[in-house]
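Read off the chains here:
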Amino acid sequence: MPEVTVPQPAPAATPASSPGRPKPKFNKRKVRQAAIAGAVVVALAAGGFLLYRFLTKQDSASSQIQTQAVQYGTIQSKVTGSGNAKAKESAAITLTAGGTVQEVFVSPGDTVTAGQPLYTIFSQEAQDQVTQAQAQVDSLKKEMSALLEDASNLTVRAPFAGKLINVKEFQPDQEVTKETAVATLVNDKKLKLSLYFSYAYEDQIHTGQSVQVSIPTAMGTYTGTVEKINKVRFISPEGAVHFEAVVAFQNPGTLTAGMNASATLTASDGSAIYPYENGTTEYYETREIVTKAAGPVVSQGNLMDYADVSAGEALLTLGSSTIDESIMSKRKEIDEAQKKLADAQKGLSDFNAVSPIDGSVTSCTLIPGTEVKSGDTVVTISNTANMVVDITVDDKNIAFVQPGLTVELSDWNGSTFAGTVTAINMGAAESQNGMTNYPVTLTVDNQDGSLLAGMYLDYSFVASQSDDCMMVPMQSVKNIPSEDGTSTDYVVFIRADERPENAVDLEIPEPEPGESPDYPSPEDGFYPVKVETGLNDDYNVEIKSGLSGDEEVFVNYLVESAYG
């Protein structure tokens, strides 16, 4: 700093004494005041000078150009971010019903293995839930079985050979419900006749005995057989007691039900046995045919009154759309009921729980003899031997991430860990602000337990690398508008004795007083040349073309003030 000289006031001359006048006395107080006044004047003068120099010192500021030679080396482009660590495996047992704690076998901090008993709790409520859920599943399965049986009966068939009567009319696509009457099928190949005989002939009439049936309207006699004997007590108006005998005989094709008939049997002594009174012929068998399923009418067979049909012949066919919907609905009900049963069974198993994984007990709230309620989380177990860290990688760098990639992790204390990419969830990508982020899962070996759950970690991995490349400091690369004004070009100012062939023209504005220029000028010995850049890290930029490699490049200005 230049030496500052402050002018001092000259000492006043001592006036000559007038002859004949007395010499004045010396006044010390006045001298002291004069000295103080002089010192104040000096201080004010010096302060004003220094203030002036301070306010005008920027005009004296100087700038020194910093340069650096082009270097060769390796540049890595790294992707960085952060995530939180958590246990790779964890299990929490939450009760689904209340109960009473009986025994507890573990405490917080204990190491357990999969299958190791944890505690026992008695819960009648949990047992009842399983019983009810099982009953519901069984009931629904029975209903499903009935539906499947209905599905196999969409075609209505004749159960035996015979003749149709009382046939109902159906239209195509008509919706038919289950148990809808279709027709009455009768077996008219044989006829039967019920007759009453006096108990006096009880020992003379037996099954299989030949009978002569007489039908007056047909003026014919037909041979039949006693098919059944019913020891009933039919009492006639005369007071006699009779039993019933059912006689069956072949229909020659000219007989039908409702015809008056009589019969004659022969006793063991050859005498004739007659019934109390005549009877009426009946069809040998009569069956009401009904649908066994619901559905739309698809087709009809020989469905007409008095039509002869054979056993198994198709009479009416229904479509499966209705029954299919019922089956699908029932299957969903069964699935839901089975899930409830599985949940109830799992809930019951949680009252006599074993460890689901290897790990350490991080919490246990159970005390023998106490009551627990539904929704209580009673034991938590974590396996921290392996930890996972969930990170996100944007769409510009996700292509560099592959399963097995090693990712460097570090905590706030500078401790480092090695993570391995084990999963990339491309389906869970989220887009925001024009960028898409992909969830990536890292697995970290944590056998020593140094990585704690919830720990905040920074991550980084090398996305790309350029070896033995030409590079310059990041500050050396300047952005300029392209010639067409639609993009950006990059230039580097190099020191040269004369203008290089690849130099470009730039308008470098004059700096304001006291300020450094933005760029060096040819007067400083520097020229801007256009370059093509590659990778960059936090300090350097790869130069792919535009420099030869032996240049000295401008970095920045080092500003030195005139006063420190």
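You'll find the structure just up there.
Now for a description of the structure that goes with this document. On a predicted model such as this, the values are computed, not experimentally measured, just so you know.

Structural notes on the layout of surface pockets
Argument step 1. Size it by volume and the second largest pocket reaches roughly 190 Å³.
Argument step 2. In terms of lining residues, the second largest pocket is bounded by Asn153, Thr155, Val156, Arg157, Pro159, Arg287, Glu288, Ile289, Val290 and Lys292.
Argument step 3. Listed by contribution, the elements that provide at least two residues to the lining of the second largest pocket are strand 6 (155-157) and strand 16 (282-290).
Argument step 4. In terms of residue count, the dominant contributor to the lining of the second largest pocket is strand 16 (four residues).
Argument step 5. Among the residues forming the lining of the second largest pocket, the class breakdown is four nonpolar, two polar and four charged.

Description of the packing of helix 2 (residues 124-151) against helix 3 (residues 321-349)
Argument step 1. Here helix 2 crosses helix 3 at 160°, and the two axes come no closer than 9 Å. By the angle class used here, helix 2 and helix 3 are roughly antiparallel. Helix 2 and helix 3 meet at a crossing whose hand is left-handed.
Argument step 2. Within the contact of helix 2 with helix 3, the residues separate by chemical class into 16 nonpolar, seven polar and seven charged.

Overview of the nonpolar core
Argument step 1. The biggest cluster of nonpolar side chains holds 31 residues, and the ones touching the most others in it are Leu164, Val182 and Leu303.
Argument step 2. If you list the elements that add at least two residues to this core, you get helix 2, strand 9 (181-198), strand 19 (314-318) and helix 3.
Argument step 3. Those residues in contact with Leu164, other than ones at most four positions away along the chain, are Ala183, Thr184, Leu185, Ile289, Asn302, Leu303, Met304, Asp305, Tyr306, Ala307, Val309 and Leu315.
Argument step 4. Residues Val211, Ile215, Met259 and Ile273 belong to the second largest nonpolar core, which totals 24 residues.

Observations regarding the sheet that holds strand 19
Argument step 1. One open sheet accounts for four strands, arranged 6-19-17-8; its pairing is antiparallel. Among the strands making up the open sheet, the edge pair consists of strand 6 and strand 8 (175-176).
Argument step 2. For strand 8 and strand 17 (residues 295-300), the ladder comprises two bridges, and the chain directions are antiparallel. The residue bridging Glu175 from the neighbouring strand is Pro296, located in strand 17.

Observations concerning the sheet that holds strand 3 (residues 99-104)
Argument step 1. A sheet is described by the order of its strands in space; here three strands give the open sequence 5-3-21, paired in antiparallel fashion. Strand pairing shows two members of the sheet lacking a second neighbour, strand 5 (119-122) and strand 21 (371-372), which therefore form its edges.
Argument step 2. Both strand 3 and strand 21 contribute to a ladder of two bridges, which runs antiparallel. Opposite Gly99, over in strand 21, you have Val372 as the bridge partner.

Some points on a negative patch on the surface
Argument step 1. Among the surface-exposed residues, Asp173, Glu175, Asp324 and Glu325 lie close enough to one another that they form a single negatively charged patch.
Argument step 2. Within the fold, Asp324 resides in helix 3.
Argument step 3. Taking the relative accessible area as the measure of exposure, Asp324 reaches 35% and is therefore partly exposed.

So, the pairing of strand 29 (residues 488-495)
Argument step 1. Both strand 28 (residues 477-481) and strand 29 contribute to a ladder of five bridges, which runs antiparallel. Residue pairing across strands places Val477 opposite Val492, the latter belonging to strand 29.
Argument step 2. Linking strand 28 back to strand 29 in an antiparallel pair, the connection comprises six residues, with Gly485 at a positive phi of about 75°.
Argument step 3. Two elements, strand 29 and strand 30 (residues 526-536), share six bridges in a ladder whose sense is antiparallel.

Regarding helix 2
Argument step 1. Taking 1.5 Å of rise per residue, 28 residues should cover 40 Å, and helix 2 covers 41 Å from first to last C-alpha, within 8% of that figure.
Argument step 2. Against helix 3 lie the buried residues of helix 2.

A closer look at the environment of Pro403
Argument step 1. For Pro403, the position within the fold is in the loop between strand 22 (377-394) and strand 23 (406-410).
Argument step 2. Take Pro403: its relative accessible area is 59%, and that puts it in the exposed class.
Argument step 3. Distance in space between the C-alpha atoms of Pro403 and Thr420 is 7.5 Å, their sequence separation being 17 residues.
Argument step 4. Setting aside anything within four residues of it in sequence, one finds Pro403 in contact with Val421 and Ile424.

Some points on the pairing of strand 10 (residues 210-215)
Argument step 1. Judged by which residues are buried, strand 10 turns out to be one-sided: Val211, Val213 and Ile215 face inward and are buried, whereas Ser210, Gln212 and Ser214, on the alternate face, are not.
Argument step 2. Strand direction decides the pairing type here: strand 10 and strand 11 (residues 220-235), joined by six bridges, are antiparallel. Within the sheet, the bridge partner assigned to Val213 lies in strand 11 and is Tyr222.
Argument step 3. Hairpin remark: strand 10 followed by strand 11, antiparallel, with four residues in the connecting loop; positive phi at Met219, about 50°.

Some words on helix 3
Argument step 1. Over its 29 residues, helix 3 runs 42 Å from end to end, which matches the ideal 42 Å to within 8%, given 1.5 Å per residue.
Argument step 2. Listed in full, the buried residues belonging to helix 3 are Ile323, Ile327, Lys330, Ile334, Ala337, Leu341, Ala344 and Gly347.
Argument step 3. Next to the buried residues of helix 3 lie helix 2.

As for the packing of aromatic side chains
Argument step 1. As enumerated under the stated definition, the model contains 10 aromatic pairs in all.
Argument step 2. Ring centres of Tyr222 and Phe249 lie 6.2 Å apart, and the angle between their planes is 15°; this geometry places the pair in the stacked category. With Tyr222 in strand 11 and Phe249 in strand 12 (residues 241-250), the pair connects residues that are 27 residues apart, well separated along the chain.
Argument step 3. The exposure class assigned to Phe249 is buried, which follows from its relative accessible area of 2%.
Argument step 4. Ring-pair connections join several aromatic residues into one group, and the members of that group are Phe493, Tyr519, Phe526, Phe554 and Tyr557.
Argument step 5. Looking at Lys190, its charged tip hangs above the ring of Tyr284, at a distance of 4.1 Å from the centre.

Criteria and cut-off values
All chains use their own residue numbering, which begins from 1 and follows the written sequence. This being a predicted model, a pLDDT of at least 70 is required before a residue's local features are given, and a value of 80 or more before pairs of side-chain atoms are given or counted; all residues contribute to the totals for chains, interfaces and linings. Each side-chain value is derived from all of the structure's non-hydrogen atoms; neither hydrogens nor water enter the calculation. Using a 1 Å grid laid over the protein atoms alone, points where a 1.4 Å probe fits but cannot get out form a cavity; open sets with protein on both sides within 12 Å along at least 5 of 7 lines form a pocket; any residue with an atom within 4 Å of a point counts as lining. Grid points are joined across faces, edges and corners, and a volume is the space filled by probe spheres set on the points. By definition, any uninterrupted DSSP run of H or I lasting at least four residues is a helix, any uninterrupted run of E lasting at least two residues is a strand, and each is numbered from the N terminus. Under the scheme applied here, ten amino acids are nonpolar (Ala, Val, Leu, Ile, Met, Phe, Trp, Tyr, Cys and Pro), four are charged (Asp, Glu, Lys and Arg), and all others, including Gly, are polar. Note on geometry: axes are C-alpha line fits, over the in-contact stretch for helices, and angles between N-to-C directions span 0 to 180 degrees. Between 65 and 115 degrees an angle is taken as roughly perpendicular, under 35 as roughly parallel, over 145 as roughly antiparallel, and anywhere else as oblique. Crossing handedness is read from the near helix: turned anticlockwise from the far helix by less than a right angle, it gives a left-handed crossing, and turned clockwise, a right-handed one. Among buried residues, the Ala, Val, Leu, Ile, Met, Phe, Trp, Tyr and Cys ones that are joined through side-chain atoms within 4.5 Å form a nonpolar core. Think of it in three bands: residues with accessible area under 20% of the maximum for their type are buried, residues over 50% are exposed, and the middle band is partly exposed, with areas taken using a 1.4 Å probe on protein chains only. Contacts are assigned to residue pairs that have any heavy atoms within 4.5 Å of one another. DSSP-based pairing: two strands are paired if at least 2 bridges between them are found. Patch criteria: residues need more than 30% relative accessible area and no salt bridge. Like-charged residues are merged within 9 Å; nonpolar side chains of Val, Leu, Ile, Met, Phe, Trp and Tyr are merged within 5 Å. Using a 1.4 Å probe, accessible areas were evaluated by the Shrake-Rupley method; residue-level cover was limited to the displayed protein chains. Think of a salt bridge as a Lys or Arg side-chain nitrogen and an Asp or Glu carboxyl oxygen that are within 4 Å of each other. In this charge count, Lys and Arg are treated as positive and Asp and Glu as negative; neither His nor the chain ends contribute. Charge positions come from single atoms, namely NZ of Lys, CZ of Arg, CG of Asp or CD of Glu. What a helix is expected to span follows from its residue count: subtract one and scale by 1.5 Å. Whether two aromatic rings pair depends on their centres lying within 6.5 Å, for rings of Phe, Tyr and Trp, where Trp uses its six-membered ring; planes under 30 degrees apart make the pair stacked, over 60 edge-to-face, and the rest tilted. Charges are assigned to positions over rings by a cutoff of 6 Å between ring centre and Lys NZ or Arg CZ, combined with an angular limit of 35 degrees from the ring normal.

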